[in-house]
Protein chains: 2
Amino acid sequence: MTDKIVGILGGGQLGRMLGASASLLNVKVVILDVGETGPAKQVLAPLSPTLAHVDGSFADPEKIRELAAKVDVLTIEIEHVDVKTLEDIQSIPRQTPLAIHPSPATIHIIQDKLRQKEHLLSQDSPVSEFCPVDSTEESVRSAAVQLDLPLMLKSRTLAYDGRGNCVVQQVSQIADAISALGKRPLYAEKWVPFVKEIAVIVVRTIDGEVQSYPPVETVHKDNVCHLVFAPLRGHDPTLPQRACAIAEAAVKTFTGAGVFGVEMFLMEDGCIFINEIAPRPHNSGHYTIEACETSQYENHLRAILNLPLGSTALKVQSTAMLNLIGHSSSMDEITTTTNAALAVPGATVHLYGKSECRKGRKMGHITIVADSDAQLRDRLRPLLQSLPSSTPEEIDRYAPAATTPGSGFSDPQPLVGIIMGSDSDLPVMLPAARILDRFRIPYELTIVSAHRTPDRLVQYARAASTRGLRTIIAGAGGAAHLPGMVASMTSLPVIGVPVKGSTLDGVDSLHSIVQMPRGIPVATVAINNSTNAGLLAVRILAAGTPTLVTAMNEYLASLETEVLDKVKTLEDVGWEKYEVKRT
Amino acid sequence: MTDKIVGILGGGQLGRMLGASASLLNVKVVILDVGETGPAKQVLAPLSPTLAHVDGSFADPEKIRELAAKVDVLTIEIEHVDVKTLEDIQSIPRQTPLAIHPSPATIHIIQDKLRQKEHLLSQDSPVSEFCPVDSTEESVRSAAVQLDLPLMLKSRTLAYDGRGNCVVQQVSQIADAISALGKRPLYAEKWVPFVKEIAVIVVRTIDGEVQSYPPVETVHKDNVCHLVFAPLRGHDPTLPQRACAIAEAAVKTFTGAGVFGVEMFLMEDGCIFINEIAPRPHNSGHYTIEACETSQYENHLRAILNLPLGSTALKVQSTAMLNLIGHSSSMDEITTTTNAALAVPGATVHLYGKSECRKGRKMGHITIVADSDAQLRDRLRPLLQSLPSSTPEEIDRYAPAATTPGSGFSDPQPLVGIIMGSDSDLPVMLPAARILDRFRIPYELTIVSAHRTPDRLVQYARAASTRGLRTIIAGAGGAAHLPGMVASMTSLPVIGVPVKGSTLDGVDSLHSIVQMPRGIPVATVAINNSTNAGLLAVRILAAGTPTLVTAMNEYLASLETEVLDKVKTLEDVGWEKYEVKRT
């Protein structure tokens, strides 16, 4: 596939996962890292004495040179490397040219957060307001005038996982903030009251072509990535596409190939700001190993080796990643969670083989895949519960328990929406809910009136798909417009239940629902028969979920048994004495 | 998770994939294999001098002892190990007891194919007829009388990938067959004219609980596994369950924990025979790495370490595995195929890092995942085409090209079945086909009459799901029973198109289709509106396939544009001159 040898500056978990991907492709890799048994070196035994790994720091010019001499392509798993040395190395002529990805120029821009922000601003990428400061109180005070308080005082360099960030709420805190951040070069950022953090992994080819992975929601805790969810859900159907466009445009402004992690803030008004960019595989993309057609690690290798990129599509319906962060110097808490994960279907544990555990250290992660968001949260819940640091509020927020079937309340992660034009339709529509209860399919049930709440109708229908619904059951009577109007504003299958009114025996509703014009189908069931609407929803979901096929087969068998029992009763008691029970 | 150290006898590709799984769980592994840089040792750098890998053969008693002294659990990646040594080691008391999985007794039974067959027969597992022979012509001649000709003459030991098998067509070939198989102990098997080869990976816990992976179809070429497909498709809806039951029952008869690969023959009459069992991760289970919630490798480790088993469910809709078999001593042909794979979405290349290529050697494999069987075959086709050994017949058989949309012929891998009660319904039903053409969804179109071909109706409906269909569009007129009857015999969503007859304006058909009793839903569309049936089928498929959501959104936007264009024309030419075009 390729004979090129790849050198990685850094041998932590990202190097380990890059190394595992490289093994699949028989790509030879040499690691530069301190010691002989770090996370990456564990999974990549040296192939020959001449290709032995290098023992040293990714910041040591001599060691970088030693690595460069062995390889054809240099890449990084951390951006805090010595760019000057990389530039020097690149300028020295050699027999086979050395490629460095991303380019030293890109690393140079990104490793200084102020320079990164200035670059993004100059390239019209959306960033929140910021300004340079020096480490004097006066300078920060004038930044506070410009940006307002609270503001973020940040280290320009060597900052990651929230280290090097300090919130300044009041002018009186400035001195403490400066001393807390040490003698590092600083800058100030306007406080960003975001509603959600999102991230997009973008892979860039040597020719500058870019390709996005699905946008994800990231949840940080104590400034460190805690959880990642994909796909990105929400009421705004334009959000995923907008996030990708911004991330791709930003990555296009850099040079060199490889994966970039673009972290962004989503604001209340739907606005997106770029927070920061990492020029390498990123924590928010770990989920791609199990959940996407090609992992970010393999695509990083493909990009830097000038091979065709792999598909970035999700191959599962729903996925999450939970970081395993050290709680103390003992692995015990980590083991509690990984043991919990062994009992969770769809959970894959990744431990990084780090020699010792420390508070705040990334020791591993767990990826969960599922057929639906509801199943995902159900699978995630015991893992969050196993963490010593989880609060009940956090657990309920990120992995809400499913609603008890039959409780009369909507599930927090519905797959089916049951809507009706009026509360008077509720008795007719309840059997649909009962069926979904029976199949344990999460649903919501609410009132949406085409004629009395037209705006609500539009909002409901337009957001249904990006909220995670997969089918909608709509009941209406008379001039029954609800199912058809909803169908015209969503790409989901819409099931229509004609509700019988006081006149015309429901034929008015039936014809209003079924006789849709060409282009917009409504799956119509019998008059007042919301049981069949519920069953049709199950069959539709089963088309993408094999376990539901089994459940539906069992249901059909139960119908058969029911009738055969009646056959027997008819024979046992005779038809003269037979009592017809109406259900 | 566990502090136990695992020793693996053998360091080839199975050991390599086991090792990669072990790294994820921080499970320490020591390999026994000749040399320092075999496939498994490459991905598992020794963690410490005391845990260095062992250089030697898995058949060398001294080396097995050396390995055993370092570890808590011994397992195998090949069954041709020295069982006597394993038994000896197990009988020696040690401070911490040594576990051996599978048990030496299991390996002893399985490594001799005659003993394995006798064991399965004694346990009532279905095996085809066989008999012991010695290496004399007379003995084989009497086997030929007992079993009929042709028969298979097989080596009892050290036989795999078809090595050690010889077909005897005529008595005159017996002497040559015996000498071809060398001086090995032999037995004879009745010739099995199977229609398909299938396999089930079963994982067995230390307590003897078993759990199956989805049954797969395996395709052998030159006696070596060539292709694997999952899920197993076919006209017999009971087949997957029967195959699992037979495989699980067989694995239950052995002792010790771990993964077993059960290879079976499917006969014309639906009968299943067990061909042979491997007491370890198996080639037919490589696909589980990308396609299942837990890979066979991780489940093997979990089983032998007495950890809870992981879910064996598929996480994708369709998957295939292609073995990369050496064609010569050059890797060139392999590289041609892996390069082709880089351009195929959903394809993951696994190269085994073997130092040299040889004809017939397993150099790697490629797993493909896809949203549907049709997409899978489409992705597989260029890979088969890249193999120097593929014939056009093989390519068309295992990766048939999609039918050209609009050609008027059914696709070989349909997702939607369009059926109608009579050929007179064809003009009404064609627009459904046109819609599926437009969305490039593979479908079949045929006639199934409820009243005139009731048996065909039953067969069609019962087999629809296991054949891979995901939804059925049924059109019928008058006393229109077809959609409802089909719905009663499948768990798939059935879309009903009422066809207008010469009387009653189609209301007879509409009511016959829509007014289904509670329990069996039919998704009914407007009279004669098969366009909407096609669109509803697309929406249903989209519920499990994100890319179709995008396509449907684009379709809805095109409808809007169409009407807005008419608005403009109405304004441009005025309504007096406006011409209404009927589509």
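Remember, predicted model here, so these are calculated numbers, not experimental data. (Residues numbered from 1 in each chain as written. Chains lettered and ligands numbered in written order. Predicted model: local features only at pLDDT ≥ 70, side-chain atom pairs only at ≥ 80, totals over all residues. Heavy atoms only, no water.)

Participant: Whenever I open this one, the overall build of chain A confuses me. Can you help?
Facilitator: Helix and strand counts for chain A come out as 20 helices and 23 strands. Seen through its C-alpha atoms, chain A measures out along the principal axes to roughly 100 × 60 × 50 Å. The burial tally for chain A puts 59% of its 583 residues in the buried class. Within chain A, residue pairs in contact and separated by at least 24 positions form 63% of the contacts whose partners lie at least 6 positions apart. Just so you have it, chain A exposes about 23,200 Å², and 53% of that area is on carbon and sulfur atoms. (Helix = DSSP H or I, 4+ residues; strand = E, 2+ residues; numbered from the N terminus. Buried < 20%, exposed > 50% of the residue type's maximum accessible area, 1.4 Å probe, protein only. Contact = heavy atoms within 4.5 Å. Areas by Shrake-Rupley, 256 points an atom, 1.4 Å probe, with all protein chains shown as cover.)

Participant: What am I meant to see in the packing of helix α12 (residues 332-342) of chain B against helix α13 (residues 373-386) of chain B here?
Facilitator: The axes of two packed helices give the description: the angle between them and the distance between them. Residue and element names in this part refer to chain B. Interaxial distance between α12 and α13 falls to 8 Å at its minimum, and their mutual angle equals 160°. When the interaxial angle is binned, α12 and α13 end up roughly antiparallel. α13 is crossed by α12, and the crossing has right-handed handedness. Within the contact between the two elements, α12 uses Thr-336, Thr-337, Ala-340 and Ala-341 and α13 uses Pro-382, Leu-383 and Ser-386. Residues that form the contact of α12 with α13 fall into these classes: four nonpolar, three polar and no charged. (Axes fitted to C-alpha atoms, helices over the stretch in contact; angles between N-to-C directions. Parallel < 35°, antiparallel > 145°, perpendicular 65-115°, else oblique. Left-handed = near helix turned anticlockwise from the far one by under 90°. Nonpolar A, V, L, I, M, F, W, Y, C, P; charged D, E, K, R; others polar.)

Participant: For this particular structure, what's the right way to read the pattern of salt bridges?
Facilitator: When the charged atoms of two side chains lie near each other, side chains of opposite charge can form a pair. Tallied over the entire structure, the rule returns 42 salt bridges over all chains. Via salt bridges that share partners, A:Glu62, A:Arg65, A:Lys84 and A:Asp88 belong to a single interconnected network. (Salt bridge = Lys/Arg side-chain N within 4 Å of Asp/Glu carboxyl O.)

Participant: For this particular structure, what's the right way to read a nonpolar patch on the surface?
Facilitator: Judged by side-chain polarity, A:Val563, A:Leu564 and A:Val567 come together as a nonpolar surface patch covering roughly 250 Å² of accessible area. Its location among the elements puts A:Leu564 in helix α20 (residues 546-573). (Patch = residues over 30% accessible without salt bridge, like charges linked within 9 Å, V, L, I, M, F, W, Y side chains within 5 Å.)

Participant: What should I look at first to understand the interface of chain B and chain A in this one?
Facilitator: Interface size is often expressed as the accessible area that is lost when the parts come together. Contacts between chain B and chain A engage 80 residues on the former and 80 residues on the latter. Contact between chain B and chain A buries roughly 6,800 Å² in total, counting both sides, with carbon and sulfur atoms accounting for 55%. Joining chain B to chain A, the criterion identifies two salt bridges. Residue A:Glu293 pairs with B:Arg379 through a salt bridge whose shortest N-O separation is 2.9 Å. In this structure, the connection of chain B to chain A is made through 33 residue pairs in polar contact (both at pLDDT 80 or more). Tallied by class, residues from the side of chain B that touches chain A come to 42 nonpolar, 27 polar and 11 charged. (Buried area = accessible area lost by both parts, 1.4 Å probe. Polar contact = N/O pair within 3.5 Å; in protein donor to acceptor, adjacent residues only side chain to side chain.)

Participant: It is not clear to me how the environment of A:Leu227 should be interpreted in this structure. Could you clarify?
Facilitator: Residue and element names in this part refer to chain A. Along the chain, the position of Leu-227 falls in strand β13 (residues 224-230). Owing to a relative accessible area of 0%, Leu-227 belongs among the buried residues under this scheme. Note: C-alpha distance between Leu-227 and Leu-322 (95 residues apart in sequence) is 4.8 Å. Apart from residues no more than four positions distant in its own chain, Leu-227 is found in contact with Glu-217, Thr-218, Val-219, Met-321, Leu-322, Leu-380, Leu-384 and Tyr-398.

Participant: Honestly, the nonpolar core in this entry has me stumped. Any pointers?
Facilitator: In a soluble, globular protein the nonpolar side chains are often hidden away together inside. With 102 residues, the main nonpolar core has A:Val416, A:Ile418, A:Ile473, B:Val416, B:Ile418 and B:Ile473 as its most contacted residues. Not counting the four nearest positions on each side in its chain, A:Ile473 is found in contact with A:Val416, A:Gly417, A:Ile418, A:Ile419, A:Met429, A:Ala432, A:Ile495, A:Val497, A:Ala533, A:Gly534 and A:Ala537. In terms of nonpolar packing, the next biggest core, distinct from the first, is built from 47 residues, A:Met1, A:Val27, B:Leu227 and B:Ala320 among them. (Core = buried A, V, L, I, M, F, W, Y, C linked by side-chain atoms within 4.5 Å.)

Participant: Even after reading the chapter, I still don't get the environment of A:Glu197, so can you show me in this structure?
Facilitator: Residue and element names in this part refer to chain A. Its place among the elements puts Glu-197 in strand β10 (residues 196-204). In this structure Glu-197 comes out as buried when scored by relative accessible area, which is 13%. Along the backbone, Glu-197 and Thr-218 are 21 residues apart, and their C-alpha atoms lie at a distance of 5.4 Å. If we skip the residues at most four places from it in the chain, Glu-197 touches Val-216, Glu-217, Thr-218, His-220, Met-264 and Phe-265. In this structure the side chain of Glu-197 is engaged in a polar contact, spanning 3.2 Å, whose partner is the side chain of His-220.

Participant: Any chance you could explain the side chain of B:Ser390 here in plain terms?
Facilitator: Residue and element names in this part refer to chain B. Here Ser-390 shows up in the loop between α13 and α14 (392-398). Of note is the side chain of Ser-390, whose polar atom sits 2.7 Å from the backbone oxygen of Leu-384. Non-local contacts of Ser-390, meaning those with residues more than four positions away in its chain, are made with Lys-221, Leu-384 and Ile-395.

Participant: Explanation requested: the relation of the copies chain B and chain A in the structure shown.
Facilitator: The operation relating the pair of chain copies consists of a rotation about an axis and a translation along that axis. Between chain B and chain A, which share one sequence, the superposing operator has a rotation angle of 180° and an axial displacement of 0.0 Å; the RMSD is 0.1 Å. Within this description, the copies of the chain are treated as partners about a two-fold rotation axis. Of the residues that chain B buries at the interface, 99% are likewise interface residues in chain A, meaning the two copies contact each other through the same surface. (Least-squares fit on C-alpha atoms with pLDDT ≥ 70 in both.)

Participant: Sorry if this is basic, but what is going on with helix α1 (residues 13-24) of chain B here?
Facilitator: All names here are of chain B. Taking 1.5 Å as the rise per residue, α1 with 12 residues should run 16 Å; its terminal C-alpha atoms sit 17 Å apart, in good agreement. Where burial is concerned, most of α1 is hidden: 10 out of the 12 residues are buried. If you check which residues of α1 are buried, you get Gln-13, Leu-14, Gly-15, Arg-16, Met-17, Leu-18, Gly-19, Ser-21, Ala-22 and Ser-23. One or two positions beyond α1, positive phi appears at Asn-26, with a value near 55°. (Expected span 1.5 Å × (residues − 1).)

Participant: Looking at this structure, I do not really get the sheet that holds strand β7 (residues 151-155) of chain A. What am I missing?
Facilitator: By definition, the strands of a sheet pair up through backbone hydrogen bonds, in either a parallel or an antiparallel sense. Residue and element names in this part refer to chain A. What the four strands build is an open sheet, ordered β6-β9-β7-β8; its pairing is antiparallel. Sheet topology places β6 (130-132) and β8 (165-168) at the edges, where each strand pairs with a single neighbour. Across the sheet, the mean angle separating the axes of adjacent strands is 25° when strand polarity is ignored. In the sheet, β6 pairs with strand β9 (residues 186-190) via three bridges, with the strands oriented antiparallel. Paired with Phe-130 across the strands is Glu-189, a residue of β9. Sheet contacts for helix α6 (residues 113-122): β6, β7, β8 and β9; angle to β6, the most-contacted strand, approximately 125°. (Pairing = 2+ DSSP bridges.)

Participant: Looking at this structure, how should I read the side chain of B:His300?
Facilitator: Residue and element names in this part refer to chain B. Mapped onto the secondary structure, His-300 falls in helix α11 (residues 296-304). A distance of 2.8 Å separates the side chain of His-300 from the side chain of Thr-75, its partner in a polar contact. Apart from the residues lying within four places of it in its own chain, the contact partners of His-300 are Leu-18, Thr-75, Gly-258, Val-259 and Pro-281.

Participant: Explanation requested: helix α19 (residues 530-542) of chain B in the structure shown.
Facilitator: Each α-helix winds once per 3.6 residues, and so residues spaced three or four apart point in a common direction. A rise of 1.5 Å per residue sets the reference length of α19(B), with its 13 residues, at 18 Å; its end C-alpha atoms lie 18 Å apart and thus fit the reference within 8%. A large share of α19(B) lies buried, amounting to 13 of its 13 residues.

Participant: Sorry if this is basic, but what is going on with empty space enclosed by the protein here?
Facilitator: Sizing a probe to match a water molecule and rolling it over the atoms shows the empty space that remains. One pass over the structure, following the stated rule, counts five cavities of 30 Å³ or more. Roughly 880 Å³ of internal volume is contained in the largest cavity. Taken together, 41 residues line the largest cavity, and the ones lying closest to its centre are A:Ala20, A:Leu24, A:Ile289, B:Leu24 and B:Ile289. For the lining of the largest cavity, the elements supplying multiple residues, two or more each, are α1 (13-24), α10 (288-291), α11 (296-304) and β17 (347-351) of chain A together with α1, α10 (288-291), α11 and β17 (347-351) of chain B. Here the lining of the largest cavity is built from residues that sort into 18 nonpolar, 13 polar and 10 charged. (1 Å grid on protein atoms, 1.4 Å probe; cavity = no way out; pocket = protein on both sides within 12 Å on 5 of 7 lines; lining within 4 Å. Points joined across faces, edges and corners; volume = space filled by probe spheres on them.)

Participant: What's the story with the confidence of the model for chain A in this structure? I'm lost.
Facilitator: Residues shown with low pLDDT carry predicted positions that ought not to be read at fine detail. With 98% of its residues at a pLDDT of at least 70, chain A reaches an overall mean of 93. The ipTM value of the predicted complex is 0.93, and its pTM value is 0.94. (pLDDT = per-residue confidence, 0-100.)

Participant: Explain unusual backbone geometry here, please?
Facilitator: Excluding glycine, a negative phi dihedral is what most residues carry, and trans is how most peptide bonds are arranged. With an omega of -10°, the peptide bond running from A:His101 to A:Pro102 counts as cis. Mapped onto the fold, A:Pro102 is located in the loop between β5 (99-101) and α5 (104-111). Of the consecutive residues A:Ala230 and A:Pro231, the connecting peptide bond is found in the cis state with omega at -5°. Structurally, A:Pro231 can be placed in the loop between β13 and α9 (239-252). The backbone phi angle of B:Asp124 is positive, close to 65°, even though this residue is not glycine.

Participant: Is there a simple way to think about the packing of helix α3 (residues 61-70) of chain B against helix α4 (residues 83-91) of chain B in this case?
Facilitator: Residues and elements named next belong to chain B. Following both chains from N to C, one finds α3 and α4 inclined at 40°, their axes separated by 10 Å at the closest point. The orientation of α3 with respect to α4, classified from their angle, is oblique. The handedness of the crossing between α3 and α4 comes out as right-handed. Touching Pro-61, Ile-64, Arg-65 and Ala-68 of α3 are Thr-85, Leu-86, Asp-88 and Ile-89, all from α4. Class assignment of the residues belonging to the contact of α3 with α4 gives a composition of five nonpolar, one polar and two charged.

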